[in-house]
Amino acid sequence: VPGDAQPRPISATASPGAWRTGRLAFDGARLGDVVADVNRYYPPGVTLSSDALADLTVTTAFAVDQIEPMINSLTRALPVAARREPNGHFVVSPAGE
């Protein structure tokens, strides 16, 4: 339930300082927060086509230069689809839309 988030320990694979080595790691994070962090490192950007997608939760870790594989993994783990535009920008939408 949004707003009822409880703190939880970070998993062994999700290090809070991972960004220092070029990796981003999230454990039960909101997709909107993941996208906001990705956009700090990926200039073409990632956009969620619906505000409702922002509240989906995801656990993931990836190198900041591996955005496309991370987006592809989201489409397998969440009910989302992704489209890559010619300029490299990704648009993430609800699956089937």
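Presented here is an overview of the structure given in this document. Bear in mind the structure is a predicted one, so any value in this text is a computation, not a measurement.

The complete set of buried residues in helix H2 (residues 67-77) reads Ile67, Met70, Ile71 and Leu74. Projected down its long axis, H2 carries its buried residues within an arc of 100°, all on one side. Buried residues along H2 sit against helix H1 (31-41), strand E2 (46-48), strand E3 (57-63), strand E4 (80-84) and strand E5 (90-94).

We now examine the pattern of salt bridges. Taken as a whole and judged by the stated rule, the model has 5 salt bridges. Salt-bridge contacts for Arg40 lead to Asp37; the nearest nitrogen and oxygen are separated by 3.2 Å. Pair noted here: Arg40 and Asp37 are both in helix H1, with a separation of 3 residues, about one helical turn. Judged by its relative accessible area of 61%, Arg40 falls in the exposed class. The class of Asp37 is partly exposed, set by a relative accessible area of 24%. A salt bridge links Glu68 to Arg84; its shortest N-O distance comes to 3.9 Å. Of this pair, Glu68 sits in helix H2 while Arg84 sits in strand E4, and the two are 16 residues apart along the sequence. On the accessibility criterion, Glu68 (38% relative accessible area) is partly exposed. Several salt bridges converge on common partners, so that one network encompasses Arg30, Asp33 and Asp55.

The next point concerns the sheet that holds E5. Across the sheet, 3 strands lie side by side as E2-E5-E4; this open sheet has mixed pairing. Each edge of the open sheet is held by one strand with a lone partner, namely E2 and E4. Within this sheet the neighbouring strands show an average axis-to-axis angle of 25°, counted without direction. In terms of strand pairing, E4 meets E5 through 5 bridges, oriented antiparallel. Residue pairing for E5: Arg84 is matched across the bridge by Phe90. Against the sheet, H2 contacts E2, E4 and E5, and its axis sits at roughly 150° relative to E4.

Reading guide: rules and limits
- Residues numbered from 1 in each chain as written.
- Predicted model: local features only at pLDDT ≥ 70, side-chain atom pairs only at ≥ 80, totals over all residues.
- Heavy atoms only, no water.
- Buried < 20%, exposed > 50% of the residue type's maximum accessible area, 1.4 Å probe, protein only.
- Helix = DSSP H or I, 4+ residues; strand = E, 2+ residues; numbered from the N terminus.
- Arc of directions from axis to C-beta.
- Contact = heavy atoms within 4.5 Å.
- Salt bridge = Lys/Arg side-chain N within 4 Å of Asp/Glu carboxyl O.
- Pairing = 2+ DSSP bridges.
- Axes fitted to C-alpha atoms, helices over the stretch in contact; angles between N-to-C directions.

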